[in-house]
Amino acid sequence: VRRATPIIETMAALVLADMCLMQEARKASAVRLPQEISAFFCDPSMDGTISYNGKPAVASGVDKETKKKLLEAKKASLEAQLQELSLQMEDSN
C-alpha cells in the first residue's frame, strides 16, 4: 500500500509536534505558579538535564551514579517540603 508510508510519517510528525507543544506549555506555566509549588515542576530537557525553576538540579560533568544520588536527594527534599505544605493546609482547615 503506497499511501501507508506518508500517513505513518504524518502521524509521527503530529505526535512529536504535540509533545513539543505540551513541553512548552509546561515550561511556560511553571513560571506563573506560586514559589511553594513551582519547585515541584521539573523541566527535563532533550539533552537529559533536569532543572527546577530554570536552575539545573545537577551540575554538568557529573557521573551517572552521583547524578542519580543527587536527584534522589532532591526528590526526598521536595517530598519533605510537600509533606510540610500538606500538614500546614490541614492545620489551617
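Here's a quick rundown of the structure.

1. Regarding the overall build of the protein
Step number 1: For the protein, the count of helices and strands is three helices and three strands.
Step number 2: Long-range contacts, defined here as pairs at least 24 residues apart, represent 18% of the contacts in the protein between residues at least 6 apart.
Step number 3: Accessible surface, the protein as shown: approximately 7900 Å² in total, 61% of it carbon and sulfur.

2. With respect to a nonpolar patch on the surface
Step number 1: Where nonpolar side chains cluster on the molecular surface, the patch consists of Ile7, Met11 and Leu14 and spans about 310 Å² of accessible area.
Step number 2: Here methionine 11 lies in helix α1 (residues 4-31).

Procedures and definitions
Residues numbered from 1 in each chain as written. Predicted model: local features only at pLDDT ≥ 70, side-chain atom pairs only at ≥ 80, totals over all residues. Heavy atoms only, no water. Helix = DSSP H or I, 4+ residues; strand = E, 2+ residues; numbered from the N terminus. Contact = heavy atoms within 4.5 Å. Areas by Shrake-Rupley, 256 points an atom, 1.4 Å probe, with all protein chains shown as cover. Patch = residues over 30% accessible without salt bridge, like charges linked within 9 Å, V, L, I, M, F, W, Y side chains within 5 Å. Salt bridge = Lys/Arg side-chain N within 4 Å of Asp/Glu carboxyl O.

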